[in-house]
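# A closer look at the structure
Given next are the chains, with one letter for each unit.
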Amino acid sequence: MAGHTDNEITIAAPMPLVWDMTNDIENWPRLFSEYASVDVLERDGDRVTFRLTMHPDEEGRVWSWVSERVADPVTRTVRAHRVETGPFQYMNIVWEYTETAEGTRMRWVQDFAMKPEAPVDDAGMTDNINRNSRTQMALIRDRIEQAAGERRTAAAVAD
């Protein structure tokens, strides 16, 4: 059995701002609450390999792994996978961005399988990812909407 999650949120902000802020990997520690640091290891055009390090969990453990992302600004999609899989057999993520009348819909689809010795099985990780994705997406929405508001205010003052 494998795990699969599909979560989305609409952000009341223009596509270019949502795309730029969510693909600015170096600033993810300010966008996501779970990441302590990001180290870019290699960049080649729209492909980036990087190490993510999380804040310590409840038991003081610090999780870190290497991922690779390939952004396609034409289709407004990003495909990513873990290079260092840790407790996962594999982890693949697709980010999709769609313009709507309300702003920009951001969707995360994750497909994965846990290793047999992992501390949680596929069903448990599916629950964890769904819960965490909703939390992080809401936080990202709020931060981007705040940035969009600040830009509108700055533009109005400049006029």
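For the structure itself, consult the block above.
All of the points below concern the structure found in this document. (Residues numbered from 1 in each chain as written. Predicted model: local features only at pLDDT ≥ 70, side-chain atom pairs only at ≥ 80, totals over all residues. Heavy atoms only, no water.)

### Considering the packing of aromatic side chains
Here the structure, examined in full by the defined rule, presents eleven aromatic pairs. Pairing W28 with Y35 gives two aromatic rings, centres 6.0 Å apart and planes at 20°, and the pair type is stacked. A relative accessible area of 3% places W28 in the buried class. With a relative accessible area of 9%, Y35 lands in the buried category. Plain terms: the ring middles of W28 and F50 are 5.7 Å apart, the flat faces sit at 85° to each other, and that makes the pair edge-to-face. With W28 in helix α2 (residues 28–31) and F50 in strand β3 (residues 47–54), this pair connects stretches of sequence that are 22 residues apart. Note on F50: relative accessible area 2%, which makes it buried. An aromatic cluster is built from W19, W28, F32, Y35, F50, W65, W95, Y97 and W108, whose rings are joined through pairwise contacts. Its guanidinium or amino end placed over the ring of W19, R76 lies 5.1 Å from that ring's centre, counting from NZ or CZ. (Phe/Tyr/Trp six-rings, centres within 6.5 Å; stacked < 30°, edge-to-face > 60°. Buried < 20%, exposed > 50% of the residue type's maximum accessible area, 1.4 Å probe, protein only. Helix = DSSP H or I, 4+ residues; strand = E, 2+ residues; numbered from the N terminus. Lys NZ or Arg CZ within 6 Å of the ring centre and 35° of its normal.)

### Comments concerning the pattern of salt bridges
This structure, assessed with the given rule, holds eleven salt bridges. A salt bridge links R107 to D6, with the shortest nitrogen-to-oxygen separation between them at 2.5 Å. Taken together, the positions of R107 in strand β7 (residues 103–114) and D6 in strand β1 (residues 3–11) put the pair 101 residues apart, joining distant regions of the chain. We classify R107 as partly exposed; its relative accessible area is 25%. Of the residues examined, D6 reaches a relative accessible area of 37% and is grouped as partly exposed. Residue R61 is joined to E59 by a salt bridge in which the shortest nitrogen-to-oxygen separation is 3.2 Å. Under the relative-accessibility criterion, R61 is labelled partly exposed at 37%. Connected via shared salt-bridge partners are E42, D44, R47 and E68. (Salt bridge = Lys/Arg side-chain N within 4 Å of Asp/Glu carboxyl O.)

### Focus on the sheet that holds strand β4 (residues 64–72)
The sheet built from seven strands is open, its strands ordered β1-β7-β6-β5-β4-β3-β2 with antiparallel pairing. On the outer flanks of this sheet lie β1 and β2 (35–44), each paired with one strand and no other. Each strand axis lies, on average, 20° off the axis of its neighbour in the sheet, ignoring direction. Where strand β6 (residues 88–100) lies against β7, twelve bridges are found, and the strand directions are antiparallel. The partner of I93 across the bridge, within β7, is Q110. On top of the sheet, helix α3 (residues 122–158) reaches β1, β6 and β7; it is set at about 15° to β1, its chief contact. (Pairing = 2+ DSSP bridges. Axes fitted to C-alpha atoms, helices over the stretch in contact; angles between N-to-C directions. Contact = heavy atoms within 4.5 Å.)

Interpretation note: all reported values are geometric properties and have no functional meaning in isolation.
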